[in-house]
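Here is how the chains run, residue by residue.
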Amino acid sequence: MALDLAAAEGRELAMAIICAGGDDGGMLLTNFPPRGWLSYDALCARRGDIIQLTIQGDRHGGSAVDYTVNPKMGLPLLTGPADNSAVVNHVLPAWDIATGHLAAAGLLAAERHRRRTGTGQQVKLALEDVALACMGHLGFIAEAQLGQRRERVGNYLYGAFGRDFLCADGVRVMVVGLTPKQWRALCEATDQNEDMARLASRLGLDFRKEGDRFRAREEIAESVAGWIASRTLAEVAAAFDAQGVCWSPYQSVQQLVESDAACSAANPLFTLTDQPGVGRILAPGLALDFSAFARAPAQPAPLLGEHTEQVLRELVGISGSEYGKLQDRGVVAAQGKPQVT
């Protein structure tokens, strides 16, 4: 939809849509400040069981984005090579993704509560709080409180064994021995059971323990690196897959798209769609795979204003002539026309 929210008529239409009747109506997920006409009280006056979930920067309503929250968490000081003293930002907006998923779960939880009790509510979700909660759940906060300072370890897996290695043909792979089963599989595939037993004995460690494998990560990596360096990717893949090793080759996004079957129409997640203004693209649908119904194919993203008239007709009861007048006054915008600001 495209509405002019600076106009009183546009705000009135938005409120009517937000507070539409029925079990599936009366729910708003927004990152707009919840004040004025968009405040919880104002919406609640129109529909008493309204559910409003507001995403905000910090818990006080201050501005923040993923790239300002992440530096406060300390992770850029832990990311990158061990001998690097500069901050390293990663390209994955982890807190945005986690916040989006949690917002969806929160909205569904509030809707479930309303179905049980008939009561709506206001829910606030701060991007900074999501990051802080994750830092606590992952143990970073407790480590700092207990004086256990975590250092940069480069591409090593923290707390167990895992690292990247180079094959004989120049392809780099990531190998992980996190669980006891994964560790045994790696030792079997590389035929290093006896070598690892001798190494553990010499160092006074027990490689059945994750922490001990992490302490000996450099010595273990030296042995694994030698085995992988003498073999091509195909040879490494055959040996690893035969034993069930947890591993993966590194590949570019272009390689992922061009040669990985998981990122193709062979995967039910994806649908080849014709996106207006873009072209034919591989579009992912919902990652959840429910047994109660078949996966719905991904649809092209709607154009701005494409469904304005449809939504206003179905939810607000606007007639065709009324819609035409709103369009003439610039309150609404239809598909293909610029958004009114």
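A. Layout of the environment of Q310. Tracing the backbone shows Q310 in helix α13 (residues 308-316). Note on Q310: relative accessible area 41%, which makes it partly exposed.

B. Structural view of the nonpolar core. Formed by 29 residues in total, the largest nonpolar core has its most connected members in F161, V175, I220, I228 and F240. Other than its neighbours up to four places away in sequence, F240 contacts V175, L186, A189, T190, W227, I228, V245 and W247. A14, V311, Y323 and A334 belong to the second-largest nonpolar core, a separate cluster that totals 12 residues.

C. Local environment of unusual backbone geometry. Not every positive phi belongs to a glycine, and D191 is a case in point at roughly 55°. In this fold, D191 is placed in the loop between α7 (180-189) and α8 (193-203).

D. The sheet that holds strand β6 (residues 246-249), seen in detail. Read across the open sheet, the 3 strands follow the order β4-β5-β6; overall the sheet is antiparallel. Across the chains shown, the open sheet's two edge strands, defined by having one partner strand only, are β4 (161-166) and β6. Taken over all neighbouring pairs, the strand axes of this sheet differ in orientation by 15° on average, direction set aside. Pairing geometry for strand β5 (residues 172-177) and β6, over 4 bridges, is antiparallel. Residue pairing in the sheet places M174 in a bridge with S248 of β6. Lying on the sheet, α7 is in contact with β4, β5 and β6; it crosses β5 at an angle near 130°. Sheet contacts for helix α10 (residues 217-229): β4 and β5; angle to β4, the most-contacted strand, approximately 35°.

E. Spotlight on the pattern of salt bridges. Applying the stated criterion to the full structure yields 14 salt bridges. As a salt-bridge pair, E12 and R46 come within 2.9 Å of each other at their nearest N and O atoms. Of this pair, E12 sits in helix α1 (residues 8-18) while R46 sits in helix α2 (residues 40-46), and the two are 34 residues apart along the sequence. Classification of E12 as partly exposed rests on a relative accessible area of 40%. Note on R46: relative accessible area 38%, which makes it partly exposed. With its nearest N and O atoms 2.9 Å apart, the salt bridge here joins R150 to E143. What makes E143 buried here is its relative accessible area of 14%. Through salt bridges with shared partners, one network takes in D24, E111 and R115.

What counts as what
Residues numbered from 1 in each chain as written. Predicted model: local features only at pLDDT ≥ 70, side-chain atom pairs only at ≥ 80, totals over all residues. Heavy atoms only, no water. Helix = DSSP H or I, 4+ residues; strand = E, 2+ residues; numbered from the N terminus. Buried < 20%, exposed > 50% of the residue type's maximum accessible area, 1.4 Å probe, protein only. Core = buried A, V, L, I, M, F, W, Y, C linked by side-chain atoms within 4.5 Å. Contact = heavy atoms within 4.5 Å. Pairing = 2+ DSSP bridges. Axes fitted to C-alpha atoms, helices over the stretch in contact; angles between N-to-C directions. Salt bridge = Lys/Arg side-chain N within 4 Å of Asp/Glu carboxyl O.

The analysis is restricted to geometry; functional conclusions fall outside its scope.
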